[in-house]
Amino acid sequence: MTGKEYRTITDVKGPLVFLNKTEPVAFGEIVELRLTDGTMKNGQVLDTSDDQVIVQVFEGTASIDKQTGIKFLGDVFKLPVSTDMIGRILDGAGRPRDGGPAIVADEMADIIGAAINPYSRQSPSSFIQTGISAIDACTSLVRGQKLPIFSASGLPHNDIALQIARQAKLVGSDDDFVVVFCAMGITAEEYNFFVHDLERTGALENACLFVNLADDPAVERLITPRLALTAAEYLAFEHDYHVLVIYTDMTNYCESLRQIGAAREEVPGRRGYPGYMYTDLAMLYERAGLVKGKKGSITQFPILTMPGDDITHPIPDLSGYITEGQIVISRELHQKGIYPPINVLPSLSRLMNAGIGDGKTREDHKSVSDQLYAAYAQGRELRGLVAIVGEDALNERDLQLLKFADIFENQFLRQSRDEDRSIGEGTLDYAWELLSNIDTKYLVRLDQKWIDKYHPTDKKE
Amino acid sequence: MEVNPRQNKGSELKMSEENGVIYRISGPVVTAVGISPRMYEVVRVGDEGLMGEVIELHGEQSVIQVYEETSGVRPGEPVIRTGQTLSVQLGPGLLTKIYDGIQRPLPELEKTMGVFIKRGVDADGLDLEKIWDFNATAKAGDSVSSGDVLGTVQETKTIEHRVMVPPGTSGVIKSINSGKFNVTQNVCTLEDGTEIQMMQKWPVRTPRPFTKKHAPEVPLQTGQRILDFLFPLAKGGTAGIPGPFGSGKTVTQQQLAKWSDADIVVYIGCGERGNEMTEVLDEFPHLMDPKTGEALMNRTTMIANTSNMPVAAREASVYTGITIAEYFRDMGYDVALMADSTSRWAEAMREISSRLEEMPGEEGYPAYLSSRLAEFYERAGRVETLAGGDGSVSVIGAVSPPGGDISEPVSQGTLRIVKVFWGLDAGLARQRHFPAINWLNSYSLYPPSLDQWYRDNIKSDFPEIRTEISALLQVEAELQEIVQLVGSDALPVDQQLTLEVARMIREFFLQQNAFHDVDTYSDLKLQYNMAKAILSFQEESKKAIAGGAALEDVVNVPARTDLMRGRFESGYEDKIDQMLEAMNKQIADTMEAN
Ligand SMILES: Nc1ncnc2c1ncn2[C@@H]1O[C@H](COP(=O)(O)OP(=O)(O)OP(=O)(O)O)[C@@H](O)[C@H]1O
Ligand SMILES: [Mg+2]
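So, here is what we can say about the structure in this document. (Residues numbered from 1 in each chain as written. Chains lettered and ligands numbered in written order. Predicted model: local features only at pLDDT ≥ 70, side-chain atom pairs only at ≥ 80, totals over all residues. Heavy atoms only, no water.)

1. Re the overall build of chain A
When its secondary structure is counted, chain A shows 13 helices and 22 strands. Against the compact-globule benchmark of 23 Å for 461 residues, chain A has a radius of gyration of 25 Å, which places it among compact chains. If you line up chain A on its principal axes, its C-alpha atoms span 85 × 50 × 40 Å. Across the 461 residues in chain A, those meeting the buried criterion constitute 61%. In chain A, the proportion of contacts linking residues at least 24 apart, taken out of those at least 6 apart, comes to 73%. (Helix = DSSP H or I, 4+ residues; strand = E, 2+ residues; numbered from the N terminus. Rg over C-alpha atoms; globule rule 2.2 N^0.38 Å. Buried < 20%, exposed > 50% of the residue type's maximum accessible area, 1.4 Å probe, protein only. Contact = heavy atoms within 4.5 Å.)

As structure tokens, then:
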């Protein structure tokens, strides 16, 4: 049935083409469209029956008319994968973008990606030191985790992602990460920023880029992350690489999803996004992890910009429901001139407990992290109160906590873009030093045994 | 265990000869023509024989939800009837297992297809080959009917499996033998020739029968202070845990799975993370059941249909789980079932419904959402079993409201039915106050029916102590409003003390670290003693202050910190009285200092 070209388009709506009278076409089959001027486009079957086939066109439907020829290629979307992808820049549909040769396939991999059997997973538990205190102390990352960055326009999420990509390492191991970078609808300027940084640090040789920019077809964005993850799975599970997948911007991906939903006249879920967006996003995010019997791993860093800085917007909301925590970038801290402006309060790493503690980071890590949170949270709350009643109304404990909130932001959070703090001295010892600004009796989250051992002035020696 | 590609679950099924063909494929929904199956009948779809279930019949067309990925499937491929409705296999071998939403054992799937779940492979829910030691307890000549126990099998170290007469069967036993059998061999024959095996099948969408429902009157003890003490769940009761992402639904559910004093636990991971299931699989074999001293895994069955696994199987997963729970209830056990998250189940319904182009209700959910929720929770309860015993299924459902706003249909539909509401609060989670259950808006409707039990089994004034603790928290909330305006120093000293006492309730009693070896579990007696200690602190402080002591000195006595930190040390239950005495003495001493 391949080879036969149909000219039976009945309707064109948004990114969708409707045609009838075809041979049986497979659900998910890929499609080639030949326009009357000879231009070629690609698409995928979204709905198929004896009477009608609906095709989603990746490059958009501009210039398509009823004379357009449509060929079904007999198979679902597959990506040629090989270790030669490392060091390459590909476009949003997996074709070379760097002027290099086509990837010679070692294997053709189905881009939908089968679900990992939950029984076959291995729990992530190896601490990754990012060298950023806020993350290492309070939202520790482990290998195989999916930890998105919730940001908003105009905030330095890209710097943070790059700093993590540069500095991420397993303490006591020299296994390096391979970076798979996936751009979805970002501007050329943002893209250049990433590429220059990766070039500058030599990381580009150890990276594979899939790039769909703002002026590239919007619908193509729906497959770009699937290509990136397919490459990541191949590298991790066939070739034992530890892969760090950074994708940005998930918000653009979700907009494309919404566009398809609208064109299909589906009943929308919340704020116009498709009801199946949770499942769709899960099909991406769940492709992180470790599996039994394989050495490699996939760690994901999706970046998304929250529309209107609103964390309850469906895009961050549904992401947060799937990922294993989130790192939240704060406009308020950014405006105070603090880099990295990470608000640790709404940030969370759910796999942290498995990755920290004795033999992994340090025995006191959990205690310290809990205490930092508690003290900072209370200090910030007191700021609100002080604004109303003034400092005079505060008792001693409250005054100390109030002051600590500033210390935490200006000293603990703040670090430079190339400052790589070690977890022990750079981060945990520093935290103790800063916590000693509060009377020990108010530090109720700290186990006495850690106070005895680590408190800079109250320790027993 | 034998895994048969493209074969029917349960080898003795008679396949109907009737064949049809696929007309249309739209994601997980496939339309077939040329067959006339029954509603909810299981069919085999396409060349690969994917498993599906008929969910709508109209005209010539049968609409099928398919439990596996459908890409690559074409119109014109065959659809074959099986004559069976979606059922689970019940019998020895359910415990310690992990299944997908349609009861395929995940380890078996791994054996045949490796770490990624491919499709078109079937596997029996029970190991049909495994030989069990059947110990007949009924004897020839006994007259038996549905639900009566014929014999037992030691299924795991701690759980005795009671082999029952399947529902709808009765008669006089002609022969019955103890001995070694697999689950498909006959263990018992009735006078009328009916042969009974250890395995029975039950359609998942139909509740299993029982004699009658009883009012619950025994608490499900969970070891979680805020739950047991303030908002208890009864054995056979229902609870909902709504909360935004990261607020602690899963941790709470896992705590219940670990520490609640149920005999059997069914844990359903419905559309959630793969790693969370792995965590349970890693931990449970090593965690000790406080009741039996054996590994928790012995009493546990898991269903894992993660967010990236097919949505139709996700929809089925809660039914698979609750049917297994009812089956153990019928043996006379107390079963606790956790479903994390019921919102993902509802979303699966929504997705299928929208593919069917049904008229949508609120927020695109099908109009039958609330009745499906009600039917599900209605399968909980404490019952008199067909055999005359006492068994229960408690159901605890997590709810994941978009944006954490519980005015949405799934939360509302759940709250209308469940008797316990544990409301998780993003603000508390952000302050790392865990469990982040809001003590002001959560509730339980069970205390009136449980109070007698507490009086008889824990302490005669248990309900009164609970009332005092809740009242203090209410008063604190009112005082906090004033503090927000004027600061705490402006309050009279007795109110300042009330704030300190309430703070102690929150930080010492309500907060409980699930990840701390000791703090993770407190039994009811200890909970009572801790609550009493707080009230005693209030009492003694009042006296001291009346005697001239400064509030500041009273609240800062070192022995109070010791008492509070003590809960992280093992053997606390033996030390708390002494620590309390030391605290009270130091508080009394603050009077003399002045
Ligand atoms: N009782 C507890 N003790 C200590 N930490 C807790 C407790 N409850 C929750 N947490 C913390 O909160 C985090 C998130 O909890 P959890 O995974 O249960 O959230 P959730 O409500 O299930 O979120 P989601 O809807 O995204 O699945 C945990 O990883 C843990 O760090
Ligand atoms: Mg959860």
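2. Comments concerning the overall build of chain B
A count of helical and extended segments in chain B gives 16 helices and 26 strands. Across its three principal axes, chain B shows a C-alpha extent of roughly 95 × 55 × 40 Å. Burial status across chain B gives 61% buried among its 594 residues. Considering only intrachain contacts with a sequence separation of at least 6, the fraction spanning at least 24 residues in chain B is 71%.

3. Side note on the site of ligand 1
In the vicinity of ligand 1 there are 20 residues, among which Gly246(B), Lys249(B), Thr250(B), Val251(B) and Arg273(B) approach most closely. Near ligand 1, the surrounding residues are drawn from chains A and B. Contact between ligand 1 and Arg350(A): an oxygen atom at 2.9 Å from a side-chain N or O atom of the residue. At a separation of 3.3 Å, an oxygen atom of ligand 1 approaches a polar backbone atom of Ser247(B). Relative to its unbound accessible area of 630 Å², ligand 1 is 94% covered by the protein chains. Of all elements in the fold, only α7 (314-322) of chain A together with α3 (249-259) of chain B reach the threshold of two or more residues within the shell around ligand 1. (Near = heavy atom within 4 Å. Polar contact = N/O pair within 3.5 Å; in protein donor to acceptor, adjacent residues only side chain to side chain. Areas by Shrake-Rupley, 256 points an atom, 1.4 Å probe, with all protein chains shown as cover.)

4. Side note on unusual backbone geometry
Keep in mind that most residues, glycine aside, have a negative phi and that most peptide bonds are trans. The omega torsion of the bond from Thr248(A) to Asp249(A) falls at 5°, within 30 degrees of zero and hence cis. Of note, Asp249(A) is situated in the loop between β18 (242-248) and α5 (250-263). Here the bond from Asp340(B) into Ser341(B) is cis, since omega is 10°, no more than 30 degrees from zero. If you trace the backbone, Ser341(B) turns up in the loop between β22 (334-340) and α6 (342-355). In the Ramachandran plot, Arg271(A) falls in the positive-phi region, its phi being about 45° despite a non-glycine side chain. In this structure, Arg271(A) sits in the loop between α5 and α6 (277-285). On the basis of relative accessibility, which here comes to 43%, the residue Arg271(A) falls in the partly exposed class. Although it is not a glycine, Thr96(B) sits at a positive phi angle of roughly 70°. Structurally, the position occupied by Thr96(B) is in the loop between β7 (87-90) and β8 (98-99).

5. Here's the deal with the packing of aromatic side chains
All names here are of chain B. In total, this model carries 25 aromatic pairs over all chains according to the counting rule given. Taking 6.2 Å as the distance between ring centres and 75° as the angle between the ring planes, the aromatic pair formed by phenylalanine 134 and phenylalanine 181 counts as edge-to-face. Taken together, the residues span a long stretch of sequence, with phenylalanine 134 in strand β9 (residues 132-136) and phenylalanine 181 in strand β14 (residues 179-181) at a distance of 47 residues. Take phenylalanine 134: its relative accessible area is 1%, and that puts it in the buried class. Put simply, the rings of Phe229, Trp453, Tyr454, Phe462, Phe509 and Tyr528 pair up and form one aromatic cluster. Lying over the aromatic face of tyrosine 333, arginine 162 brings its terminal NZ or CZ to 4.3 Å of the ring centre. Here the basic side chain of arginine 560 rests over the ring of phenylalanine 537, its NZ or CZ set 4.4 Å away from the ring centre. (Phe/Tyr/Trp six-rings, centres within 6.5 Å; stacked < 30°, edge-to-face > 60°. Lys NZ or Arg CZ within 6 Å of the ring centre and 35° of its normal.)

6. Considering a nonpolar patch on the surface
Residue and element names in this part refer to chain B. On the surface, Met39, Tyr40 and Leu57 cluster together into a nonpolar patch covering about 230 Å² of accessible area. Secondary-structure assignment places methionine 39 in the loop between β2 (29-33) and β3 (41-45). According to the relative accessible area criterion, methionine 39 is partly exposed, its value standing at 33%. (Patch = residues over 30% accessible without salt bridge, like charges linked within 9 Å, V, L, I, M, F, W, Y side chains within 5 Å. Salt bridge = Lys/Arg side-chain N within 4 Å of Asp/Glu carboxyl O.)

7. Details of the pairing of strand β20 (residues 297-305) of chain A
All names here are of chain A. When you tally the buried positions in β20, you get nine out of nine residues, the bulk of the element. Judged by which residues are buried, β20 turns out to be covered on both faces: Ser297, Thr299, Phe301, Ile303 and Thr305 on one side and Ile298, Gln300, Pro302 and Leu304 on the other are all buried. Where strand β14 (residues 149-151) and β20 come together, three bridges link them in parallel fashion. Residue pairing in the sheet places isoleucine 149 in a bridge with isoleucine 303 of β20. As paired strands, β18 and β20 are joined by seven bridges and run parallel to one another. Within β20, the residue paired with tyrosine 247 across the bridge is proline 302. (Pairing = 2+ DSSP bridges.)

8. A few points about the side chain of Asn438(B)
All names here are of chain B. In this fold, asparagine 438 is placed in the loop between α9 (426-430) and β26 (443-444). A residue is classified by how much of its surface remains accessible, and asparagine 438, at 14% relative accessible area, is buried. Within the structure, the side chain of asparagine 438 is placed 2.7 Å from the backbone nitrogen of leucine 440, a separation counted as a polar contact. For asparagine 438, the residues in contact, after removing those within four places along its chain, are Gly423, Asp425 and Leu428.

9. Description of the interface of chain A and chain B
Each partner contributes to the interface: chain A provides 84 residues, whereas chain B provides 74 residues. Across the chain A to chain B interface the summed buried area is about 6,300 Å²; carbon plus sulfur atoms make up 52%. The tally of links from chain A across to chain B stands at two salt bridges. Two residues, Arg24(B) and Asp47(A), come together in a salt bridge whose shortest N-O distance is 2.6 Å. On inspection of chain A and its partner chain B, the count reaches 36 residue pairs in polar contact (both at pLDDT 80 or more). Considering every element that reaches the side of chain A that touches chain B, the biggest residue donor is helix α10 (residues 365-389) of chain A, with seven residues. Pairing analysis gives two bridges linking strand β5 (residues 40-49) of chain A to strand β1 (residues 19-26) of chain B, with the strands arranged antiparallel. Among the inter-strand pairings, Ser49(A) is bridged to a residue of β1(B), identified as Arg24(B). (Buried area = accessible area lost by both parts, 1.4 Å probe.)

10. A few points about the side chain of Arg372(B)
Residues and elements named next belong to chain B. Looking at the secondary structure, you find arginine 372 in helix α7 (residues 369-378). The buried charged residue arginine 372 lacks any salt bridge partner; its closest oppositely charged side chain belongs to glutamate 315, at an N-O distance of 4.3 Å. Apart from the residues lying within four places of it in its own chain, the contact partners of arginine 372 are Tyr40, Glu315, Tyr319, Trp345 and Met349. (Lys, Arg positive; Asp, Glu negative; His and termini not counted.)

11. A closer look at the packing of helix α12 (residues 493-510) of chain B against helix α15 (residues 558-565) of chain B
Residues and elements named next belong to chain B. Following both chains from N to C, one finds α12 and α15 inclined at 30°, their axes separated by 11 Å at the closest point. The angle between the axes of α12 and α15 places the two elements in the roughly parallel class. Both α12 and α15 take part in a crossing whose hand is right-handed. The residues of α15 that touch α12, namely those facing Glu500, Met504 and Phe508, are Arg560, Leu563 and Met564. Within the contact of α12 with α15, the residues separate by chemical class into four nonpolar, no polar and two charged. (Axes fitted to C-alpha atoms, helices over the stretch in contact; angles between N-to-C directions. Parallel < 35°, antiparallel > 145°, perpendicular 65-115°, else oblique. Left-handed = near helix turned anticlockwise from the far one by under 90°. Nonpolar A, V, L, I, M, F, W, Y, C, P; charged D, E, K, R; others polar.)

12. What to know about the sheet that holds strand β13 (residues 141-142) of chain A
Note on sheets: strands pair through backbone hydrogen bonds, and any given pair is parallel or antiparallel. The three strands lie next to each other as β13-β12-β15 (chain A), forming an open sheet whose pairing is antiparallel. Among the strands making up the open sheet, the edge pair consists of β13 and β15 (169-170) of chain A.

13. Remarks on α7(B)
Considered for burial, the residues of α7(B) that qualify are Leu369(B), Arg372(B), Leu373(B), Phe376(B) and Tyr377(B). Taken around the axis of α7(B), the buried residues stretch over an arc of 130°, which confines them to a single face. (Arc of directions from axis to C-beta.)

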